[in-house]
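# What the coordinates show
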Amino acid sequence: MAAENGDDLTVAVAQKNASEVTEEAGSYPKDLSYGVYDCDPSSVDPNGTIISGIEQKPRIVLMGLRRSGKSSIQKVVFHKMSPNETLFLESTNKVVKEDISNSSFVQFHIWDFPGQIDFFDPTFDSENIFGGCGALIFVIDAQDDYMEALERLRHTVTRAYKINPRINFEVFIHKVDGLSEDYKMDTQRDIHARATDDLYDAGFEQVHLSFHLTSIYDHSIFEAFSKVVQKLIPQLPTLENLLNIFISNSAIEKAFLFDVVSKIYIATDSSPVDMQSYELCCDMIDVVIDVSCIYGLMSGDELAPAFDRHSQASIRLNNGTVLHLREVNRFLALVCILRDDAMEKQGMIDYNFTMFRAGIQKVFEVRKSQNRKMAAISFTNENGETVHC
Ligand SMILES: Nc1nc2c(ncn2[C@@H]2O[C@H](COP(=O)(O)OP(=O)(O)OP(=O)(O)O)[C@@H](O)[C@H]2O)c(=O)[nH]1
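Residues numbered from 1 in each chain as written. Predicted model: local features only at pLDDT ≥ 70, side-chain atom pairs only at ≥ 80, totals over all residues. Heavy atoms only, no water.

Note the following rule: UniProt positions are given in the numbering used here, feature names are shortened, and annotations may be inferred rather than shown by experiment.
As annotated in an unreviewed UniProt entry, the protein carries the name Ras-related GTP-binding protein C and is attributed to Orchesella dallaii. What UniProt records for the protein under Subcellular location (unreviewed entry) is the sentence "Endomembrane system". According to UniProt, the comment filed for the protein under the heading Sequence similarities (unreviewed entry) is "Belongs to the GTR/RAG GTP-binding protein family."

This is how it looks when you write it as structure tokens:
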């Protein structure tokens, strides 16, 4: 098997015991897509949190001109549609609302607005739409003339900000697969400068816009979406802290906590993320899911999941690096990058991983019970010392 970068891969372990599925471990949903959900816009608080029912989910709104790529982004990231299939997507002519509920952490509503939406239409209830919004993603087609898009961006942001100043404004400079490296950077600089100047001129210099270069034809869209989603996860600092402690005590170089279905990483340790590592880890998830689906149903039980809490895998690259994946719960996987020789202390890694998983479980429990107290957990470091946190 050959990796994208030419490295030889050996799938060393892909072990599972289908008969030992526990309720806690659960299973991956058979249908890996997500249900369509209509929510009542009146049941949202000003922070973008939906307050009706038991769940409190922030809302992400996708806006931009027609054909900028909004529906394609949603289909590729959350419905596993192949990028080429988006060529046949029809234009959206009404607001499409979806409930993304694939894990306890990655839970939000996403609303895809048609490009031709008219803010002055009396049926467009901006108070409710922006009032309950956690993040507004504005998609700009970088392969097209973007002057009209910038005008629309200014208009959208100023209107939304007046209603809800707590919205995170995210600009996706999209379809950059068609641009050369230099042109990509020039376009980003130009859009950044014009968009911020426009806001300044309109008296909104305090508004912060985040810019992401994206394409559905590579991992950039998943990376950008990860960053958008992370800003909506209140437990992010706790998760990062757990990851930092885990990797520093286990001789691991980098670790991502992935939402397996969407391949959004909901947290990583505090060392910088490089795109190649992220891509390798995404590819690893694909390999493990595929191998588990093909060979995982050893018990002959059709209903047994192909991937459960006993699943784990290591992929050894020929550059002395190992990718190690462990399942954290039914929706989350931890994917680590470490040196070959660090795998010699697999017992320590396994122990620390058990502690890490227990920590994550407690974060879930705290969230469920709204109990702010979190019990202590302890890791073991390379010298065999116990580290409490
Ligand atoms: N090259 C390239 N094309 C893309 C990308 N994303 C989307 N497209 C194409 O852009 C076209 C429009 O995509 P849509 O997702 O329908 O755009 P939309 O913004 O939802 O359009 P409306 O529903 O009319 O508002 C489709 O042909 C997609 O295949 C991308 O990253 N790169």
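### Let's talk about the side chain of S262
Keep this limit in mind: Numbering of helices and strands runs from the N terminus; a helix is a DSSP stretch of H or I covering at least four residues, while a strand is a stretch of E covering at least two. Polar contact is the term for a pair of N or O atoms within 3.5 Å; when the atoms are in protein, one must be able to donate a hydrogen and the other to accept it, and sequence-neighboring residues count only if both atoms are side-chain atoms.
Tracing the backbone through its elements, the reader meets S262 in the loop between β8 (254-259) and β9 (264-268). In terms of polar contacts, S262 uses its side chain to reach the side chain of D259, at 2.4 Å.

### Considerations on the site of the ligand
Where we set the bar: Summary of the distance rule: residues count as near a molecule or strand when at least one heavy atom falls within 4 Å of that molecule or strand. Note on areas: these come from Shrake-Rupley sampling with a 1.4 Å probe, and a residue is covered only by the protein chains present in the view. Amino acids are sorted into nonpolar (Ala, Val, Leu, Ile, Met, Phe, Trp, Tyr, Cys and Pro), charged (Asp, Glu, Lys and Arg) and polar (every other residue, Gly among them).
Taken together, 21 residues form the shell around the ligand, and within it K70, S72, S91, T92 and D177 come nearest. The side chain of K70 places a nitrogen or oxygen atom 2.8 Å from an oxygen atom of the ligand. In this structure, T86 approaches the ligand through a side-chain N or O atom, which is 2.8 Å from an oxygen atom. Relative to its unbound accessible area of 660 Å², the ligand is 93% covered by the protein chains. The element contributing the most residues to the shell around the ligand is helix α1 (residues 70-79), with 3 residues. Its residues assigned to classes, the shell around the ligand comprises 5 nonpolar, 11 polar and 5 charged.

### A short note on unusual backbone geometry
Residues other than glycine predominantly adopt negative phi, and peptide bonds predominantly adopt the trans conformation. Definition in use: Burial status follows relative accessibility: with a 1.4 Å probe on protein chains alone, a residue under 20% of its type maximum counts as buried, one over 50% as exposed, and anything between as partly exposed.
Even without being a glycine, R67 presents a positive backbone phi close to 60°. Turning to its location among the elements, R67 is positioned in the loop between β2 (59-64) and α1. Phi at K175 takes a positive value of approximately 65°, unusual for a residue other than glycine. Inspection of the secondary structure assignment puts K175 in the loop between β6 (168-174) and α4 (181-201). Assessed through its relative accessible area of 22%, K175 is described here as partly exposed.

### Observations regarding the domain arrangement of the protein
We count it as follows: Residue ranges for the domains originate in an automatic or database domain assignment. Every residue pair with non-hydrogen atoms within 4.5 Å of one another is taken to be in contact. Accessible area that two parts lose when put together, with a 1.4 Å probe and added across both, is what the buried area reports. In the sections that follow, a salt bridge refers to a side-chain nitrogen of Lys or Arg positioned within 4 Å of a carboxyl oxygen of Asp or Glu.
Segmenting the protein into domains produces domain 1 (10-32 + 235-375) and domain 2 (41-230). Taken together, the contacts link 23 residues of domain 1 with 18 residues of domain 2. Summed over both partners, the interface of domain 1 with domain 2 buries about 1900 Å², with 64% contributed by carbon and sulfur atoms. Our enumeration of links across domain 1 and domain 2 arrives at 0 salt bridges. Here domain 1 and domain 2 share 3 residue pairs in polar contact (both at pLDDT 80 or more) between them. Secondary-structure elements contributing two or more residues to the side of domain 1 that touches domain 2 are α6 (236-250), β9, α7 (275-295) and α8 (346-369). When residues in the side of domain 1 that touches domain 2 are grouped by element, the largest group, 5 residues, is from α7. Each residue belonging to the side of domain 1 that touches domain 2 can be placed in one class, and the counts come to 16 nonpolar, 2 polar and 5 charged.

### Some remarks on the sheet that holds strand β7 (residues 209-213)
The following threshold applies: Strand pairing requires that DSSP identify at least two bridges connecting the strands. Only the stretch in contact is used when a helix axis is fitted, and all axes are lines through C-alpha atoms; the angle between N-to-C directions ranges over 0 to 180 degrees.
Across the sheet, which stays open at both edges, the 6 strands sit in the order β3-β4-β2-β5-β6-β7 with mixed pairing between neighbours. Each edge of the open sheet is held by one strand with a lone partner, namely β3 (96-101) and β7. Neighbour-to-neighbour, the strand axes of this sheet turn through a mean angle of 20°, independent of strand direction. As defined by bridge partners, strand β5 (residues 135-141) adjoins β6 across 7 bridges and the pair is classed as parallel. Across the sheet, the residue bridging to V139 is F172, located in β6. Along the sheet, helix α3 (residues 147-163) contacts β2, β5, β6 and β7; its crossing angle with β5, the most-contacted strand, is approximately 170°. Its contacts with the sheet place α4 against β5, β6 and β7, and it is angled at close to 160° to β7.

### Notes on the environment of V61
In this structure, V61 sits in strand β2. Each C-alpha atom of the pair V61 and K263 lies 20 Å from the other, and the pair is 202 residues apart in sequence. Filtering out sequence-adjacent residues up to four positions away, V61 remains in contact with W111, F113, C133, A135, L136 and I137.

### Points about α3
Condition: To estimate the expected span of a helix, count its residues, drop one, and scale the result by 1.5 Å.
Its 17 residues give α3 an end-to-end C-alpha distance of 25 Å, which sits within 8% of 24 Å, the value for a rise of 1.5 Å per residue. Turning to α3, its buried residues number three or more, namely A149, L150, L153, T156, V157, T158, A160 and Y161. Summarising the contacts, the buried residues of α3 are in contact with β2, α2 (126-131), β5, β6, α4 and β7.

### What about the packing of aromatic side chains?
Heads up, the condition is: Stacked, edge-to-face and tilted labels apply to pairs of Phe, Tyr and Trp rings (six-membered ring for Trp) whose centres lie within 6.5 Å, assigned for plane angles under 30 degrees, over 60, and everything in between, in that order. For a lysine, the NZ atom is tested; for an arginine, the CZ atom; a charge sits over a ring if that atom is within 6 Å of the ring centre and within 35 degrees of the ring normal.
The full count for this structure, using the stated rule, is 12 aromatic pairs. One aromatic cluster in this structure is built from F78, F108, F172 and F225. Above the plane of the ring of W111 lies K97, whose end atom (NZ or CZ) is 4.6 Å from the centre. The ring of F222 has K263 sitting right over it, with the charged end atom 5.7 Å from the ring centre.

### Examining the nonpolar core
This is how the line gets drawn: Definition used in this section: a nonpolar core is a set of buried Ala, Val, Leu, Ile, Met, Phe, Trp, Tyr and Cys residues joined via side-chain atoms within 4.5 Å.
Counting 69 residues, the largest nonpolar core has I60, F225, L257, L334 and F356 as its most contacted members. No other element matches the 8 residues that α7 contributes to this core. Each residue touching F225, except ones within four places of it in the same chain, is listed here: I60, I73, V77, F78, F108, I110, I137, F172 and I264. With 34 residues, the next largest nonpolar core counts L153, V157, Y161 and F204 among its residues.

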